Amino acid sequence: MEDGTLLVEALVARVGPDHVRTDAPDRDAYSRDLWPRSQLERLAGDPPTRPLAVVWPGDPAEVAEVVRLCAARGVPIVPFGAGSGVCGGARPDRGGVVLDVKRLKALRRVDPVAGEIEVEAGMMGELLERRLEHRGLTLGHFPSSIVCSTVGGWLAGRSAGQCSSRYGKIEDMVVDLEVVTGDGAIRRTPRADALGPGPDWNQLFVGSEGTLGVITAATLRVHPQPAERAFGGWLMPDYRAGLAVMRGAMQAGDRPAVLRLYDALDTFMVGANPHAAEGGGALSRLKGLLSAGHDGGPSRLKHAVLRAVLGSPALTNAAVRALPARCLLITVCEGEADEVAAAHARLERLAATAGGQPLGEGPGRTWLAHRHDVSFKQSKIYEAGCFVDTFEVATTWARLPALYEGVRRAVGPHVLVMAHFSHAYPGGCSIYFTFAGTGADAVAMRRTYDAAWRAGLDTAQAHGAVIAHHHGAGLSRRAHMPAAHGEARRWFDALKATFDPAGIFNPGKLFAEEGA
Amino acid sequence: MLRLLDAHRHAIDTCVFCPKLCRFACPVAEAAARETVTPWGLMTRIDDVHVGRAPLDAASGALWTHCTGCHRCQAVCKHDNDVPEVLYDARAAAAAGGHAPEALLAWGRSGTPPQPAFDALPEGGPVRLVPGHVDDATVQAAVRLLDAAGHGPLGRPIGGAGASGVRLLEAGLPEAFDAAAGRLADGLEGARLVVCLDPADALALRRDLPARGRTVGAPVQHLTEAVAGRLANLTPIVEGDVLYLDACRLGRGLGVYDAPRRTLEAIVTGRVVEAVMHHAEGGCCGAGAGLAATQPALAAQVGREAVADVPGLPVVVASGVCASHLRVATAGRAVHGWATLVARALSAPSQEEE
Amino acid sequence: MTDGWTPHHDGAVGDLWTAPQGAARVEVAEPVAVARALAWAADRGLQVQVVRGPRAPTPRALQLDVAPLSGLVAVDEISRVAHLRAGTTWAEAEALVAARGLTLGPVPGCVADTPIMASFAQGDRRRPSPAYGHLTDGVLALRAALPTGVLTRSAVAPRRATGPDLARCVVGAGAALGLAVDVHLQVWARPTTTVVAAVRFGGWDAAHDGAAVALGEGLRPAWWCARRRGRAVELLAGLWGDGTEPDAVRRFVEVTGGDEAPPEDAQAWRDARLDPAAAEAWWPQVVAPRGGLAAAAKGRRGVEAWDLRQAGATLYAPGAAAPPFERDAWAASSDRLAHALRAEEA
Ligand SMILES: Cc1cc2nc3c(=O)[nH]c(=O)nc-3n(C[C@H](O)[C@H](O)[C@H](O)COP(=O)(O)OP(=O)(O)OC[C@H]3O[C@@H](n4cnc5c(N)ncnc54)[C@H](O)[C@@H]3O)c2cc1C
Ligand code: SF4
Ligand code: SF4
């Protein structure tokens with residue numbers, strides 16, 4: 001790899017020997033993100049495609065240097081935040097250079113009066129939010145991955161936080177961006193409130209998943225820490241009744257921070273349904289296995305039971321149908337006292353009208369305190385020889401029930417599936433499906449995994465839904481992207497030709513390359 | 001030696017399959033900005049080596065130096081995984097295979113610095129001092145503080161060992177640790193109280209030694225615990241605010257958070273300011289588990305980041321080892337060891353010693 | 001038909017009119033006709049102007065008369081989403097949804113006769129509503145005609161994460177990257193109460209601060225503006241509600257912290273701005289940062305601050321046409337993008 005050696009030497013000359021690495025542990029660690037399929041591939045023994053080198057530029061000028069060096073040689077660059085993406089977006093499938101953005105992590109400016117900050121893209125989410133909190137501010141962006149993701153990754157993937165119904169998705173918070181494009185220029189997009197002509201550049205770079213350039217910094221809107229919070233919890237007669245409450249609140253113009261509705265199985269699993277004892281035996285076992293604290297160590301027996309339950313998804317999903325239809329709705333209103341009181345009062349009225357049984361503050365407070373716990377269950381499931389993944393789709397309120405039921409039916413033969421509805425808007429909502437399955441070995445698991453994904457996305461698309469609400473497309477949705485965009489793809493190709501003429505930025509992501 | 005890792009299989013698996021949920025907490029990964037050295041990355045490499053997917057080689061040995069043993073990851077982890085514990089066994093495997101970096105082994109074997117104040121103490125006695133790797137000024141200050149707190153007269157451990165040998169354990173030389181710590185434990189027999197100046201030693205004697213089947217008969221305390229509430233006549237000697245940084249092995253390790261703060265409050269005219277993250281989440285100076293010896297630049301970066309969010313204020317940390325490291329790392333910022341600062345606030349008669 | 005046009009028939013675009021100096025005009029009734037017309041104009045290097053009804057010829061420009069491409073395709077009453085053809089004017093669109101008890105939000109008189117398509121092409125910022133957003137916000141789906149002669153498609157959803165929001169290519173880019181042909185827009189229940197609050201402040205920046213406090217407290221007027229009144233600056237706000245907030249005006253005055261002013265004058269202002277018949281075309285002039293509104297307003301007579309945000313505000317002034325905004329550093333990229341879009345076709 002003669003050219004590779006020369007490139008590495010040139011990179012070292014620009015960013016320093018400590019910030020270019022070609023040794024095996026680094027190339028392994030950067031050969032994947034948290035796309036569960038990569039984990040299954042690893043278990044199956046598939047050798048990953050490793051990058052030629054990993055580079056850590058220290059400022060935008062160094063990013064630009066790296067881009068110029070790679071562009072001149074046609075070597076791919078994969079921008080890398082914290083690698084928490086779950087779609088393979090940061091996987092260096094075409095080799096090349098992984099450009100880790102995390103040394104760019106300055107909080108350049110905090111302007112509480114204007115309600116804006118300027119922050120570099122490599123800042124870890126949790127660290128940003130803690131620093132803002134220290135100054136009485138919040139970004140209001142709380143993805144479950146806030147502990148393991150960066151600002152740049154959020155922007156590149158159109159991330160959504162758990163309080164999105166109040167603060168918006170990350171794309172709603174963007175004032176402007178600093179990006180390094182394929183010509184090695186460091187450019188700042190026009191402010192979202194600027195008056196000049198031209199397309200809406202911010203919204204074209206947001207979501208580009210590393211395919212149009214490297215985001216090095218952004219100006220984002222921030223807010224004062226909320227003065228008040230009101231927690232609500234209801235057991236709704238069924239999920240449609242819960243959706244009616246969420247829709248009513250959003251369409252009235254309120255902006256509760258959290259509106260979260262669990263479907264029957266998810267309600268059963270979070271344990272808030274006092275009537276859930278009626279649930280099936282297999283499900284009770286499953287719940288016991290997953291929720292017996294985190295310290296209940298592993299055992300062969302537990303693992304075998306989990307595999308048995310997940311190994312017969314048709315039966316297990318049938319047991320779900322025997323569960324009571326009741327669904328847990330959790331709400332959190334926050335902000336100034338008057339606004340909070342008014343929004344919470346409306347939720348109470350809406351929930352009462354829809355037949356909700358009030359559960360008080362408990363469920364909301366419990367959720368807030370333990371909202372990250374669920375992520376720890378992932379390890380237990382994999383350790384038992386099973387897999388778990390999630391996918392989120394979105395559509396209008398009117399189409400939501402058909403989408404929900406359609407997807408459940410479609411993936412049900414392959415995996416156990418449950419869902420919650422969150423990220424509500426006046427016009428619609430997203431559904432967050434969690435599915436878990438197993439197989440005789442890693443190869444079989446991968447087959448089942450692929451089948452579940454394909455069935456889920458095909459069905460979502462058939463229902464006219466968008467196939468991703470906040471995880472991005474990366475590799476996992478790539479096959480469905482042409483159908484999702486139709487001729488709009490041409491805009492993407494033109495953007496590529498404009499900002500990445502050498503075709504080096506994250507090639508093969510979002511859309512397969514021509515001829516591939 | 002790879003078999004040492006068998007016992008950690010569950011911890012390794014949970015980390016390997018974990019979506020890096022402690023990612024933000026690891027000070028080394030944050031300073032290095034490098035996924036390879038996150039708890040997830042370290043454990044994944046351990047897994048690869050353990051199951052034979054990757055070789056046990058110098059690259060692995062070098063990688064596994066990237067930890068300060070701060071246990072911030074464990075504070076976040078709902079599986080309660082003890083990553084450093086696994087890592088020290090991986091280091092042991094690397095050392096046994098001849099793949100451990102020399103700098104790590106040398107650090108593990110390093111003796112305590114010259115401590116005339118410690119050497120001047122008599123051997124034996126009811127209260128014995130274990131100074132560890134702190135400088136002589138800290139030892140002097142500690143002697144005065146313990147005296148003022150009514151713990152005198154102080155003695156050395158019999159045999160004169162001044163440290164627990166915990167660095168050997170952390171460097172991947174467990175047998176050498178057993179021997180060294182065993183010698184110290186012997187030298188502590190008959191004591192009524194053992195006072196350590198380096199929280200790492202206190203933690204080793206309280207936690208690691210018993211875990212390896214040996215105990216110290218007397219209670220083991222860190223200096224801050226031993227003098228807590230027993231210092232009268234402190235005079236304010238610092239104008240304005242100070243930033244207090246929890247030393248990892250004192251805070252997360254021994255659970256000592258408030259005693260040193262209360263004492264500090266008595267000797268500053270302003271406030272004891274908290275870092276953005278503190279107490280159980282507190283930052284790390286970067287010196288621990290050999291990082292300062294194997295990766296000095298990175299260790300300095302860790303230290304700078306620990307105090308960067310509250311610029312300007314003098315820093316106080318209740319570990320002489322952390323204080324020395326931070327002083328170098330932050331070059332120019334005022335950093336005080338808790339012991340020396342508090343000793344200065346003891347009113348006369350011993351003031352002429354300063 | 002206005003003077004100067006000659007009727008023609010063209011194989012690609014059907015019936016059209018031409019005039020000297022490369023002026024052309026075509027009526028489009030279907031989305032695909034917009035796509036064909038865009039391609040036709042691009043082939044000939046003509047500018048594209050979105051118009052409604054006959055106009056005098058413009059040299060080297062194709063006038064796209066979108067009047068036939070209007071109407072409400074459907075309303076999803078559950079999701080409150082109106083599917084509108086992009087030739088519809090805002091006033092028509094509002095009337096169509098009003099018939100179903102819904103609203104698009106306030107439609108200032110100066111945009112009333114603008115077709116939706118033109119507002120998107122302009123990146124229209126003449127309806128900066130705290131409650132309802134800009135006219136080009138609240139889009140759940142946008143179908144566009146490309147200058148390559150094809151139509152895009154898009155799922156209808158409130159947000160997405162399937163790459164860049166490609167439809168934003170047509171927002172503010174003229175016709176260079178395509179034109180919206182139909183849009184799914186968020187609509188809302190019509191308010192049952194609409195009142196106007198007027199609050200006086202010592203100056204522009206004090207008024208802006210008052211507005212910022214209101215935003216922080218969660219108040220979202222349907223529209224608002226600050227204007228000079230003698231030595232004072234007055235903040236006017238249209239408070240729309242569903243009857244659950246009887247003290248809306250008092251609360252607004254309290255929260256903003258100014259002095260309540262007589263409302264009669266405010267009502268007259270409201271009528272002038274929101275009535276299509278009475279309104280002049282008001283255009284944004286300059287964006288001022290927070291604290292810099294007074295400086296920006298200095299020496300500009302008759303301006304009003306319409307888009308009051310936490311971070312800044314925009315001054316507006318009446319005029320017949322949009323001010324010629326300076327091409328910024330991104331103009332070359334816009335051109336390259338448009339070129340790339342065409343080049344692909346070739
Ligand atoms: C347990 C768990 C929970 C999650 N919960 C949520 C959630 O609640 N909401 C949510 O939105 N997502 C969630 N995710 C998904 C993921 O965390 C987000 O997609 C996140 O935005 C990725 O950030 P990252 O910094 O890790 O980016 P990476 O994974 O490193 O990269 C993601 C993509 O963005 C590109 N990229 C990264 N940085 C840049 C940059 N600076 N410039 C250009 N391109 C760049 C990469 O090339 C890649 O295509 C979750 C993931 C996990 C594992
Ligand atoms: S220590 Fe815990 S939180 Fe960190 S990677 Fe391992 S399992 Fe995850
Ligand atoms: S102990 Fe500290 S340095 Fe080591 S892996 Fe955990 S968080 Fe990182």
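Residues numbered from 1 in each chain as written. Chains lettered and ligands numbered in written order. Predicted model: local features only at pLDDT ≥ 70, side-chain atom pairs only at ≥ 80, totals over all residues. Heavy atoms only, no water.

1. Focus on the interface of chain B and chain A
- Taken residue by residue, the interface counts 38 residues in chain B and 40 residues in chain A.
- For the pair chain B and chain A, the summed buried area comes to about 3600 Å², and 59% of that belongs to carbon and sulfur atoms.
- Looking at the side of chain B facing chain A, the largest losses of area belong to Phe17(B), Leu21(B) and Lys78(B), adding up to 20% of the total buried there.
- Counting the contacts that link chain B with chain A gives 10 salt bridges.
- In this structure, the salt-bridge partner of Asp373(A) is Lys78(B), at a minimum N-O distance of 3.6 Å.
- Linking chain B with chain A are 20 residue pairs in polar contact (both at pLDDT 80 or more). (Contact = heavy atoms within 4.5 Å. Buried area = accessible area lost by both parts, 1.4 Å probe. Salt bridge = Lys/Arg side-chain N within 4 Å of Asp/Glu carboxyl O. Polar contact = N/O pair within 3.5 Å; in protein donor to acceptor, adjacent residues only side chain to side chain.)

2. Side note on the state of the cysteines
All names here are of chain C.
- Inspection of the entire model under this criterion finds zero disulfides over all chains.
- Not part of a disulfide, Cys110 finds its nearest cysteine sulfur in Cys225, a span of 12 Å.
- What makes Cys110 buried here is its relative accessible area of 10%. (Disulfide = S-S within 2.5 Å. Buried < 20%, exposed > 50% of the residue type's maximum accessible area, 1.4 Å probe, protein only.)

3. Remarks on the sheet that holds strand β6 (residues 72-76) of chain C
All names here are of chain C.
- Read from one edge of the open sheet, four strands run β6-β7-β10-β9, paired in antiparallel fashion. Each edge of the sheet is formed by a strand with only one pairing partner; in this case those strands are β6 and β9 (139-145). Neighbour-to-neighbour, the strand axes of the sheet open up by a mean angle of 15°, direction not taken into account.
- Bridging between β9 and strand β10 (residues 179-186) involves six bridges; their strand directions are antiparallel. Bridged to Arg143 within β10 is Asp182. (Pairing = 2+ DSSP bridges. Helix = DSSP H or I, 4+ residues; strand = E, 2+ residues; numbered from the N terminus. Axes fitted to C-alpha atoms, helices over the stretch in contact; angles between N-to-C directions.)

4. Structural notes on the domain arrangement of chain A
All names here are of chain A.
- Partitioning chain A into domains gives domain 1 (2-102), domain 2 (107-224) and domain 3 (228-462).
- On a C-alpha basis, the centroid separation for the pair domain 2 and domain 3 is 29 Å.
- With 13 residues of domain 2 in contact, the opposing surface of domain 3 contributes 17 residues.
- Contact with domain 3 buries area across many residues of domain 2, yet Gln162, Ser165 and Arg166 alone supply 59% of it, more than any other trio.
- Summed over the shared surface of domain 2 and domain 3, the result is one salt bridge.
- Glu339 serves as the salt-bridge partner of Arg166, at 3.1 Å between the closest nitrogen and oxygen.
- Of the residues belonging to the side of domain 2 that touches domain 3, the class tally is six nonpolar, five polar and two charged. (Domains from an automatic or database assignment. Nonpolar A, V, L, I, M, F, W, Y, C, P; charged D, E, K, R; others polar.)

5. What to know about the packing of helix α10 (residues 239-251) of chain A against helix α18 (residues 400-411) of chain A
All names here are of chain A.
- Relative to each other, α10 and α18 sit at 140°, their axes nearing to 11 Å. Classed by the angle they form, the pair α10 and α18 counts as oblique. Between α10 and α18 the crossing geometry is right-handed. Along the contact surface, α10 presents Tyr239, Arg240 and Leu243, while α18 presents Leu400, Pro401, Tyr404 and Glu405.
- Class assignment of the residues belonging to the contact of α10 with α18 gives a composition of five nonpolar, no polar and two charged. (Parallel < 35°, antiparallel > 145°, perpendicular 65-115°, else oblique. Left-handed = near helix turned anticlockwise from the far one by under 90°.)

6. Digging into helix α21 (residues 489-499) of chain A
- In terms of residue burial, α21(A) counts as a mostly covered element, since eight of its 11 residues are buried.
- Regarding α21(A), the residues found buried are Arg489(A), Trp491(A), Phe492(A), Ala494(A), Leu495(A), Lys496(A), Thr498(A) and Phe499(A).

7. Regarding the site of ligand 1
- Surrounding ligand 1, one finds 35 residues, the nearest of these being Pro79(A), Ser84(A), Gly85(A), Ser145(A) and Thr150(A).
- Near ligand 1, the surrounding residues belong to chains A and B.
- In the model, an oxygen atom of ligand 1 is placed 2.7 Å from a nitrogen or oxygen of the Gly85(A) main chain.
- In the model, an oxygen atom of ligand 1 is placed 2.8 Å from a nitrogen or oxygen of the Ser144(A) main chain.
- Looking at the shell around ligand 1, the elements that each hand over two or more residues are β3 (77-80), α6 (151-157) and β10 (214-221) of chain A.
- For the shell around ligand 1, the leading source of residues is α6(A), giving four residues. (Near = heavy atom within 4 Å.)

8. Describing the pairing of strand β13 (residues 223-229) of chain C
All names here are of chain C.
- For β13, a buried count of five out of seven residues is recorded, marking the element as mostly surrounded by other parts of the structure.
- As paired strands, β13 and strand β14 (residues 232-241) are joined by seven bridges and run antiparallel to one another. Bridging across to β14, Ala226 finds its partner in Leu235.
- Between the antiparallel neighbours β13 and β14 lie two residues, among them Gly230 with a positive phi of about 65°.

9. A word on the side chain of Ser159(A)
- Relative to the helices and strands, Ser159(A) resides in the loop between α6 and α7 (164-167).
- With residues near it in sequence (within four places) discarded, Ser159(A) still touches His141(A), Pro143(A), Trp154(A), Lys169(A), Ile170(A), Glu171(A) and His470(A).

10. Some details on the pairing of strand β2 (residues 14-19) of chain C
Residues and elements named next belong to chain C.
- Relative to β2, strand β1 (residues 6-10) is paired through five bridges, and the arrangement is antiparallel. Note that in β2 the partner of His9 across the bridge is Asp15.
- Two successive antiparallel strands, β1 and β2, enclose a turn made up of three residues.
- Two elements, β2 and strand β3 (residues 23-27), share three bridges in a ladder whose sense is antiparallel. Within the sheet, the bridge partner assigned to Ala19 lies in β3 and is Ala23.
- Counting the residues between successive antiparallel strands, the hairpin from β2 to β3 contains three residues, one of them, Gln21, with a positive phi of roughly 65°.

11. Considerations on the site of ligand 3
- In the vicinity of ligand 3, the contacting residues are Cys26(B), Pro27(B), Val28(B), Pro39(B), Cys67(B), Thr68(B), Gly69(B), Cys70(B), His71(B), Cys73(B) and Pro84(B).
- Among the residues making up the shell around ligand 3, the classes are represented as eight nonpolar, three polar and no charged.

12. Observations regarding the interface of chain A and chain C
- Facing the 81 residues of chain A at the interface are 65 residues of chain C.
- Together chain A and chain C conceal approximately 5700 Å² of surface at their shared face, both sides included; 61% is due to carbon and sulfur atoms.
- When the buried area of chain A at its contact with chain C is split by residue, Leu195(A), Arg490(A) and Trp491(A) rank highest and sum to 15% of it.
- Inspection of the chain A/chain C interface yields five salt bridges.
- Arg168(C) is the salt-bridge partner of Asp200(A), the closest N and O atoms lying 3.0 Å from each other.
- Between the two partners, chain A and chain C, sit 26 residue pairs in polar contact (both at pLDDT 80 or more).
- Looking at which element gives the most residues to the side of chain A that touches chain C, the answer is α21(A), with nine residues.
- The class makeup of the residues in the side of chain A that touches chain C is 38 nonpolar, 22 polar and 21 charged.

13. Concerning the confidence of the model for chain B
- Predicted confidence across chain B gives a mean pLDDT of 95, with 98% of residues reaching 70 or more.
- Among the prediction metrics, the complex's ipTM stands at 0.96, with pTM recorded as 0.97. (pLDDT = per-residue confidence, 0-100.)

14. Thoughts on the pattern of salt bridges
Residues and elements named next belong to chain A.
- Counted under the stated rule, the structure contains 82 salt bridges over all chains.
- Its salt-bridge partner being Asp28, residue Arg50 comes within 2.7 Å of it at the nearest N-O pair. Highlighted residues: Arg50 in the loop between α3 (36-44) and β2 (53-55) and Asp28 in helix α2 (residues 24-29), separated in sequence by 22 residues.

15. So, the packing of helix α11 (residues 174-187) of chain B against helix α12 (residues 199-211) of chain B
All names here are of chain B.
- It is the contact of α11 with α12, at a shortest axis distance of 11 Å, that shows an interaxial angle of 120°. On the basis of their axis angle, the class for α11 and α12 is oblique. Judged by the twist between their axes, the crossing of α11 over α12 is left-handed. Only Ala204, Leu205, Asp208 and Leu209 of α12 make contact with α11, whose side of the interface consists of Phe177, Ala181, Leu184 and Ala185.
- Here the contact of α11 with α12 is composed, by residue class, of seven nonpolar, no polar and one charged.

16. Things to note about the sheet that holds strand β9 (residues 186-188) of chain A
All names here are of chain A.
- Strand order in this open sheet of five strands is β5-β6-β10-β8-β9, and the pairing throughout is antiparallel. With partners counted over all chains shown, the strands left at the sheet margins are β5 (107-111) and β9, one partner each. Along the sheet, successive strands turn relative to each other by an average axial angle of 15°, direction set aside.
- The pairing of strand β8 (residues 174-180) with β9 spans three bridges and is classified as antiparallel. The partner of Val179 across the bridge, within β9, is Arg187.

17. Here's the deal with the domain arrangement of chain B
Residues and elements named next belong to chain B.
- Assigned domains of chain B: these are domain 1 (6-100), domain 2 (116-227) and domain 3 (242-344).
- One C-alpha centre belongs to domain 1, the other to domain 3; they are set 25 Å apart.
- On the domain 3 side, the residues contacting the 18 residues of domain 1 number 19 residues.
- With both chains or domains summed, domain 1 and domain 3 bury close to 1300 Å², and 61% of this area falls on carbon and sulfur atoms.
- Contact with domain 3 buries area across many residues of domain 1, yet Ala31, Thr68 and Arg72 alone supply 39% of it, more than any other trio.
- Inspection of the domain 1/domain 3 interface yields zero salt bridges.
- Seen at the junction of domain 1 and domain 3, the total is six residue pairs in polar contact (both at pLDDT 80 or more).
- Within the residue set of the side of domain 1 that touches domain 3, elements represented by two or more residues are α2 (27-32), α5 (72-76) and α6 (83-96).
- It is α2 that contributes the most residues to the side of domain 1 that touches domain 3, five residues altogether.

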